[in-house]
Amino acid sequence: MSVMKNRAVLRWLVPVTAGVAVIGGSAAVGTFAAGADPALPPRSAAQLLEDLRTSRLDGLSGTVVQRADLGLPPIAALAGRAAGNDLAGLVSGTHTLRVWYGGEDRQRLALVDTLGEQDILRNGRDVWTWNSRENTATHRLLPADAPDRATVPTTPADAADRALEAIDPTTAVTVGRTATVAGRDAYELVLTPRDKASLVHQVRIALDAKEHVPLRLQVLADGQDEPAFQVAFTQVDFRTPEADQFRFNPPPGVKVTEATEGERPGPAGKRFERFEKKDAEKPDVRTVGTGWTTVVVAKIGDAAAGDGAKPGADAPDAQMLTQVLGDLPKVSGDWGSGRLLSGKLFSVLLTDDGRVIAGLVTPERLYQAAKG
């Protein structure tokens, strides 16, 4: 199956538009850098992007290790637990995942830790989530007209997808050293933002020399030698997994909950929440800038100020999250006042007038966006 034929596979690989844009000259495309091991035939950045564009993926399975050292308090993990979803904590620490891909309607991801396992499976229109710690499962039937997209992300290719979307004239695209990832030879694409307001120094994407699929993605913060974020295969097999890998067999004693159309599972033991909110409840979201220095501005009103009761606010993790947010440093200027969360790769400004402003940029760029 060609990756050109559906959006689901494109989420596992790289958008065609990114490759076309760079090959067309909208970004600076470098040539092969010599002196790399293993020895591979020279390829330019444009050739590697064309390899991505024309690659085919029928199936894949493997082990992925994700490491994140963003220099932040453990807010993401706390928020995930408060919401009843440990998968939200993947943006911090080290995590091991098993992934299987059998096509646009067959995917599976298993997050394994010392306390148990969480699985997400899609088999046709059936989507299952399972938590071994709670021995609970949720089943949801996708609508017949559901968009063609991968239900189970979190691979090097997913991360590469988002990185390559940022390619524009402010990005220098070159080829780095070759590498060995998961026992396979790989080329390395290097994306370097030109705008100094970006906290991202480089994004390095290792591409399988034969299959042309991303095997590893590293994000280096400005002024740092070690990746602030890395997701990489430690073992990979490009054969299509057996159909049994995508069938959910409830273990003995599991509590199964059926989610109706338009709903998603809430925290364990809690009621379901609707996918769609009333227009009046939807936050006002806009973006400022382009590429690596894009800033997202969301107006969420009283929710940002902490007014009113919130579901689960009495839970210990929710209380801890509220305390952590309250401990963030106060900042102010001609744009107003608020609190700042800053890490190695991104900054988040929570203003006192109910806005959340975030981006892979310096705090100064957020203050400019806050002035409106």
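Everything in this summary refers to the structure shown in the same document.

**A short note on the overall build of the protein**
And then number 1: Within the protein, the regular secondary structure consists of eight helices and 22 strands.
And then number 2: Across the protein, the fraction of contacts at a sequence separation of at least 24, relative to all contacts at a separation of at least 6, is 57%.
And then number 3: A total accessible area of about 18600 Å² is found for the protein, and carbon and sulfur atoms account for 51% of it.

**Focus on the environment of Ser44**
And then number 1: If you trace the backbone, Ser44 turns up in the loop between strand 1 (28-29) and helix 3 (45-54).
And then number 2: Residues Ser44 and Tyr187, spaced 143 residues apart in sequence, show a C-alpha to C-alpha distance of 10.0 Å.

**Comments concerning the sheet that holds strand 19 (residues 330-333)**
And then number 1: Spatially, 17-18-22-21-20-19 is the arrangement adopted by the six strands of the open sheet, whose pairing is antiparallel. Because the sheet does not close on itself, it has two edges, and the strands there are strand 17 (284-288) and strand 19. Between one strand axis and the next, the sheet turns through 25 degrees on average, direction left out of account.
And then number 2: Examined bridge by bridge, strand 21 (residues 347-351) and strand 22 (residues 355-359) share four bridges and lie antiparallel to one another. Bridge pairing links Leu350 to Val356 in strand 22.

Scoring rules and cut-offs
- Residues numbered from 1 in each chain as written.
- Predicted model: local features only at pLDDT ≥ 70, side-chain atom pairs only at ≥ 80, totals over all residues.
- Heavy atoms only, no water.
- Helix = DSSP H or I, 4+ residues; strand = E, 2+ residues; numbered from the N terminus.
- Contact = heavy atoms within 4.5 Å.
- Areas by Shrake-Rupley, 256 points an atom, 1.4 Å probe, with all protein chains shown as cover.
- Pairing = 2+ DSSP bridges.
- Axes fitted to C-alpha atoms, helices over the stretch in contact; angles between N-to-C directions.

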